[in-house]
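What follows is the residue order along each chain.
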Amino acid sequence: MFKTLSRWLAGILIVLLIAFALFSRDGAGWRWLTKGGWHSSARIDRLTPQEQEWAGIAWRYFVNNTQPQTGLVNGSDKQPRVTLWQMGDTLIALLAARELDLIKEDEFDARLTRLLGTLNRLMLSEQRTPGRLYSTQSATLIDFSGKPVKSGWSARDMARLMLALRLTAERAPQYREYLDKIILRWNFCPVMDKEGELWSSSLQNGQPVVREELRLGESEYAASAFRLWGFPVGKAFTPPSRNVIIYQRSLAVDARDPRTTWQPSLITTLPYMLPGLEFGWEPPGLPSEFQSTLRTRAERVWLTQKSRWETDKVLTARADFSLGQAPWHVEDTVWGNGYAWNTLGDDGRDYPRLSQVSTKAVFTLWTLWDTEYTDALMAVTRHLNDPQKGWFEGRVEATGDINKSLTLSTNAMVLEALLYKHNAGPLFKHGLMEQDSYFSRRLANEFNPPGLCLPGERAARAAP
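Colleague: Whenever I open this one, the overall build of the protein chain confuses me. Can you help?
Modeller: A tally of regular secondary structure across the protein chain gives 14 helices and 16 strands. For 464 residues, the compact-globule formula gives about 23 Å, and the C-alpha radius of gyration of the protein chain, at 22 Å, lands near that figure. Expressed along its principal axes, the backbone C-alpha trace of the protein chain runs to roughly 90 × 65 × 45 Å. When the 464 residues of the protein chain are sorted by exposure, 56% land in the buried category. Pairs at least 24 residues apart make up 68% of the contacts formed inside the protein chain by residues separated by at least 6 positions. If you sum the accessible surface of the protein chain, you get close to 20,300 Å²; carbon and sulfur atoms cover 54% of it. One way to put it: in the protein chain the 55 positive side-chain charges average out to a point 1 Å from where the 51 negative ones average out.

The following block contains the structure:
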């Protein structure tokens, strides 16, 4: 009798311990189990004291660069301008800061409230789309010289902010109504055509030019973000592609010729790793074959960089980065415009001496792939910071010098990668728009439709 009772008590205790392990930390253990953490390639666990310190350094950038009147954060250190992509980064970094206990709930509310107010009043372009670049001090549209401008939009940048708004609505649902209202102001008629292709506009010689800005990798990521809001962006999920061989490995690249489209065709790390951090390469509502393709392409992108280390002994983690002088912004690629390991400035020229081990690429690879190679990358990256300012852009491949530029996106990516590790898996639980949301109810009002080519409204315009 006593032995039987002891066994029952021991069994109950084991069940309670398992339940506690699975459902503590907001269900991190359950996510670890259901998302395949038991056989995952990723680092999925509580942050160590060292990693918590890394997160605090990244958050310091946001503390230093927040504009109190708007809540917007400077895209580069002390430079009062920001893109929509960087606004999305800001929201994700803010979520990470709260969930990693870098800020308290009252500071989270104060910062998010300022951001929501600004985003709901954000100056729009002449087409009623959000613009390409904003002043962080006034939330008005500007060019890179700081002069007022009202034309142009980027579907890529819109997608990043749209994804961040959905993630915020999921992880902080009490603010969902105000997040929905941001999107309800935007005009999507010029952004998406009838076939679900996404278009962007920029000024050239003072005249607006509309073109397909997105290329393979970026296009599927942007389409996934639009899909979260219910947009039928079918064509954007399947950009034209062809294969190239690097180190005996086949990689898919965009098939459009940059010499005729004036848009670079690139493979860089982030477009392939962000779907891993956010969805586990399983964007909701999409066929399993497409999800499998996303994962396979991501594996090949990181393995190709690993092969370069193994074959040529060159540590490689390629992503775009900023500089403190011309060419200012660089696309550092695995493959770009016809060549492996191309390093392209915004002026279209190749700058091989500028290529670097990118801090944000290192953190994403290190988080998603727990290997000797990513440990080697982190060993040369972990000291690339100023604890009072944030994380630097990276380490130059050719010389080992440090690129000490400080940017919002790099520090946001450090926080997002560490949040993935702390979260025990992808950041989204569901992702798709809720049927009882303000956004869905507003679209269902057939007597007062927004008329902005939102999901379920009249068809978007034909392709240019």
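Colleague: I keep staring at the sheet that holds strand β8 (residues 321-322) and nothing clicks. Help me out?
Modeller: Backbone-to-backbone hydrogen bonds join strands into a sheet, with any given pair of strands oriented parallel or antiparallel. Across the sheet, three strands lie side by side as β8-β9-β12; this open sheet has antiparallel pairing. Each of the sheet's edge strands pairs with one partner strand only, and the pair in question is β8 and β12 (343-345). Across two bridges, β8 lies against strand β9 (residues 329-332) in antiparallel orientation. For F321, the partnering residue across the bridge sits in β9 and is V330.

Colleague: For this particular structure, what's the right way to read helix α12 (residues 372-379)?
Modeller: Because an α-helix packs 3.6 residues into every turn, residues spaced three or four apart end up facing the same way. Turning to α12, its buried residues are Y373, T374, L377 and M378. The buried residues of α12 occupy one face: seen down the axis, they fall within an arc of 140°. Against α2 (49-65), α10 (288-312), β13 (356-358) and α11 (359-368) lie the buried residues of α12.

Colleague: Help me out: how do you make sense of the environment of G451 in this one?
Modeller: Note on placement: G451 falls in the segment after α14 (438-443). Exposure remark for G451: the relative accessible area of 42% places this residue in the partly exposed category. With 263 residues separating them in the primary sequence, G451 and F188 have C-alpha atoms 9.4 Å apart.

Colleague: In this structure, what is going on with α11? I would like to understand it.
Modeller: With 10 of 10 residues buried, α11 lies mostly within the body of the structure. Turning to α11, its buried residues number three or more, namely T359, K360, A361, V362, F363, T364, L365, W366, T367 and L368.

Colleague: What should I look at first to understand the nonpolar core in this one?
Modeller: Grouped burial of nonpolar side chains is what soluble globular proteins tend to show. In terms of nonpolar packing, the biggest core is built from 128 residues, with W186, F188, L198 and M273 touching the most fellow members. The contacts of L198, once residues within four sequence positions are left out, are A155, V191, M192, E212, L214, A222, A223, F226, V233 and A236.

Colleague: Can you help me understand the pattern of salt bridges in this one?
Modeller: Oppositely charged side chains are able to pair whenever their charged atoms sit close together. Scanning the entire structure with this criterion turns up 28 salt bridges. Here R98 and E105 are joined by a salt bridge, their closest N and O atoms 3.4 Å apart. Its relative accessible area of 14% is what places R98 among the buried residues. Residue class for E105 comes out partly exposed when judged on its relative accessible area of 42%. E218 is paired through a salt bridge with R156; the nearest N and O atoms lie 3.1 Å apart. Taken together, the positions of E218 in helix α7 (residues 218-228) and R156 in helix α5 (residues 155-171) put the pair 62 residues apart, joining distant regions of the chain. In this structure E218 comes out as partly exposed when scored by relative accessible area, which is 24%. Exposure remark for R156: the relative accessible area of 23% places this residue in the partly exposed category.

Colleague: Help me understand the sheet that holds strand β10 (residues 335-336), please; the structure alone is not making it clear to me.
Modeller: If you trace the three strands from one edge of the open sheet to the other, you get β7-β10-β11, paired in antiparallel fashion. Looking at which strands have only one partner, the edges of the open sheet turn out to be β7 (266-267) and β11 (339-340). As paired elements, β10 and β11 share two bridges and run antiparallel to each other. From the neighbouring strand, W335 faces β11, where its bridge partner is A340.

Colleague: Is there a simple way to explain the side chain of E331 in this structure?
Modeller: On the secondary structure map, E331 appears in strand β9. Buried within the structure, E331 lacks any salt-bridge partner; R156 is the closest side chain of opposite charge, at an N-O distance of 5.8 Å. Once residues within four sequence positions are removed from consideration, E331 is found in contact with L266, T268, D320, N342, T343 and L344.

Colleague: Please clarify how unusual backbone geometry should be interpreted in this entry.
Modeller: Residue P327 is reached from A326 by a cis peptide bond, and omega for that bond is 10°. Structurally, the position occupied by P327 is in the loop between β8 and β9. Even without a glycine there, the phi angle at A139 is positive, about 60°. As for its placement among the helices and strands, A139 is situated in the loop between β2 (134-135) and α5. Although it is not a glycine, K313 adopts a positive phi angle of roughly 60°. Mapped onto the elements of the fold, K313 is located in the loop between α10 and β8. Owing to a relative accessible area of 63%, K313 belongs among the exposed residues under this scheme.

Colleague: Any chance you could explain the packing of helix α9 (residues 270-279) against helix α13 (residues 408-423) here in plain terms?
Modeller: Relative placement of two packed helices is described by the angle separating their axes and the distance separating the axes. Contact geometry of α9 with α13 gives a least axis separation of 10 Å together with a crossing angle of 40°. Relative to α13, α9 is oriented oblique. Crossing of α9 over α13 shows left-handed handedness. Between α9 and α13, the residues in contact are L270, L274, G276, L277 and E278 and M413, E416, A417 and Y420, respectively. Classifying every residue of the contact of α9 with α13 by side-chain character gives six nonpolar, one polar and two charged.

Colleague: I tried to follow the side chain of Q291 on my own but got confused; where do I start?
Modeller: Take Q291: it is sitting in helix α10. Given a relative accessible area of 15%, Q291 falls into the buried group. One polar contact links the side chain of Q291 to the main-chain carbonyl oxygen of P283, over a distance of 3.0 Å. Setting aside its immediate chain neighbours within four residues, Q291 contacts W281, E282, P283 and L286.

Conventions used here
Residues numbered from 1 in each chain as written. Predicted model: local features only at pLDDT ≥ 70, side-chain atom pairs only at ≥ 80, totals over all residues. Heavy atoms only, no water. Helix = DSSP H or I, 4+ residues; strand = E, 2+ residues; numbered from the N terminus. Rg over C-alpha atoms; globule rule 2.2 N^0.38 Å. Buried < 20%, exposed > 50% of the residue type's maximum accessible area, 1.4 Å probe, protein only. Contact = heavy atoms within 4.5 Å. Areas by Shrake-Rupley, 256 points an atom, 1.4 Å probe, with all protein chains shown as cover. Lys, Arg positive; Asp, Glu negative; His and termini not counted. Charge placed at Lys NZ, Arg CZ, Asp CG, Glu CD. Pairing = 2+ DSSP bridges. Arc of directions from axis to C-beta. Core = buried A, V, L, I, M, F, W, Y, C linked by side-chain atoms within 4.5 Å. Salt bridge = Lys/Arg side-chain N within 4 Å of Asp/Glu carboxyl O. Axes fitted to C-alpha atoms, helices over the stretch in contact; angles between N-to-C directions. Parallel < 35°, antiparallel > 145°, perpendicular 65-115°, else oblique. Left-handed = near helix turned anticlockwise from the far one by under 90°. Nonpolar A, V, L, I, M, F, W, Y, C, P; charged D, E, K, R; others polar. Polar contact = N/O pair within 3.5 Å; in protein donor to acceptor, adjacent residues only side chain to side chain.

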